[in-house]
Amino acid sequence: MDFDHLMPLLRRLALRAGDAIMQIYQGPDFEVRTKGDASPVTEADEAADAVIAAGLRQAFPDVTLITEEQAASHALTASTFFIVDPLDGTKEFVQRRGDFTVNIAYVQDGIPLRGVVYAPARGRLFYTTPDGQAVEESGPFGPEPGPLAPLKVSTPDNAALMVVASKSHRDQATDDYISRYAVKDMTSAGSSLKFCLLATGEADLYPRLGRTMEWDTAAGDAVLRGAGGRVVRFDSHQPLTYGKPGWDNPFFIAFAPGVVLK
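Residues numbered from 1 in each chain as written. Predicted model: local features only at pLDDT ≥ 70, side-chain atom pairs only at ≥ 80, totals over all residues. Heavy atoms only, no water.

Asks: Break down helix H6 (residues 214–226) for me, with residues and values.
Replies: Between its first and last C-alpha, H6 extends 18 Å over 13 residues, near the 18 Å set by a 1.5 Å rise per residue. Counting buried positions along H6 gives twelve out of 13 residues, so the element sits mostly inside the fold. At the C-terminal side of H6, glycine 228 shows a positive phi close to 95°. (Helix = DSSP H or I, 4+ residues; strand = E, 2+ residues; numbered from the N terminus. Expected span 1.5 Å × (residues − 1). Buried < 20%, exposed > 50% of the residue type's maximum accessible area, 1.4 Å probe, protein only.)

Asks: Break down the pattern of salt bridges for me, citing the residues and quoting the values.
Replies: The final tally for this structure, using the stated rule, is eight salt bridges. The shortest N-O distance in the salt bridge between aspartate 99 and arginine 122 comes to 2.8 Å. Linking aspartate 99 in the loop between helix H3 (90–94) and strand S5 (101–108) with arginine 122 in the loop between strand S6 (111–119) and strand S7 (124–128), this pair joins segments that are 23 residues apart in sequence. Exposure remark for arginine 122: the relative accessible area of 42% places this residue in the partly exposed category. Linking lysine 244 and glutamate 214 is a salt bridge whose minimum nitrogen-to-oxygen distance equals 3.0 Å. Of the two residues, lysine 244 sits in the loop between strand S14 (230–233) and strand S15 (248–249) while glutamate 214 sits in helix H6, which places them 30 residues apart along the sequence. (Salt bridge = Lys/Arg side-chain N within 4 Å of Asp/Glu carboxyl O.)

Asks: If you had to explain the packing of aromatic side chains to someone new, which residues and values would you point to?
Replies: Enumeration over the complete set of coordinates arrives at twelve aromatic pairs. Between the aromatic rings of phenylalanine 195 and tyrosine 206, the centroid separation amounts to 5.4 Å while the plane-to-plane angle is 85°, which identifies the pairing as edge-to-face. Taken together, the residues phenylalanine 195 in helix H5 (residues 193–199) and tyrosine 206 in strand S12 (residues 205–208) connect sequence positions eleven residues apart. Taking the relative accessible area as the measure of exposure, phenylalanine 195 reaches 1% and is therefore buried. Since its relative accessible area comes to 2%, tyrosine 206 is described here as buried. On the numbers, 6.4 Å between centres and 70° between planes, the contact of phenylalanine 234 with phenylalanine 251 is edge-to-face. Of this pair, phenylalanine 234 sits in the loop between S14 and S15 while phenylalanine 251 sits in the loop between S15 and strand S16 (252–255), placing them 17 residues apart in sequence. Accessibility expressed as a relative area gives 22% for phenylalanine 234, which makes it partly exposed. (Phe/Tyr/Trp six-rings, centres within 6.5 Å; stacked < 30°, edge-to-face > 60°.)

Asks: Can you lay out the sheet that holds strand S4 (residues 81–88) for me, pointing to particular residues and giving the numbers?
Replies: If you walk across this open sheet you meet the seven strands as S3-S4-S5-S6-S7-S8-S9, and the pairing is mixed. Unpaired on one side and paired on the other, strand S3 (64–67) and strand S9 (148–150) mark the two borders of the sheet. Neighbour to neighbour, the strand axes of the sheet diverge by 20° on average, direction disregarded. Pairing of S6 with S7 involves four bridges; the strand directions are antiparallel. From the neighbouring strand, valine 117 faces S7, where its bridge partner is phenylalanine 126. The strands touched by H6 within the sheet are S3, S4, S5, S6, S7 and strand S8 (134–137), with S6 carrying the most contacts at an inclination of about 100°. (Pairing = 2+ DSSP bridges. Axes fitted to C-alpha atoms, helices over the stretch in contact; angles between N-to-C directions. Contact = heavy atoms within 4.5 Å.)

Below, the structure written as structure tokens:
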């Protein structure tokens, strides 16, 4: 893969998808439907997916594309592929809470090597550069990249950890697990922004004891890895890999190295 070609394209596609989402988000009303798995979907999900899928297929027709909004792609198998969640955090979108993101990742041999996470309502754009470093770009976002801030995970203090957890999927099992740690403070965030808060050093630990799909996590995982962070399976503490049957994730823990996992 030519990453010098890939990353400017992923950035442009994420921004264009974000524009399509915000046109609907800022409009008077939008229809919310329910998919077969009982999750919500809106015209914004579909508009963003159309932008991203068309761009990727035109530029890289031979690379497998997995996207949440195209059910036929879920039957595919691959170890190297693009994986897309065009609007992660649809519940946040529907409730107009702003914590939703556009997620595009490139996975090679099961590892999310490059990715972009764009939170259009928050004006935050995170991605990996061609060499794999994670950065946050300052807006306003134009055709050419603006100022870039390199991202690096925190140096955690295990006596006073900063923990981030899901805004919409917090449960007792998660709280019980977090209680094993000495926690200085907790914050909640929607969508893949939780990975980005780890990448910026704003949090040290993000446990997820709940169902997620690979398109929910791959882009954020790539950004976090590019900032020096790690994502491991909850059960074995082995690295989380991609291209699994059915595209389901196990429970996982994302963290800054130095956190002593319980």
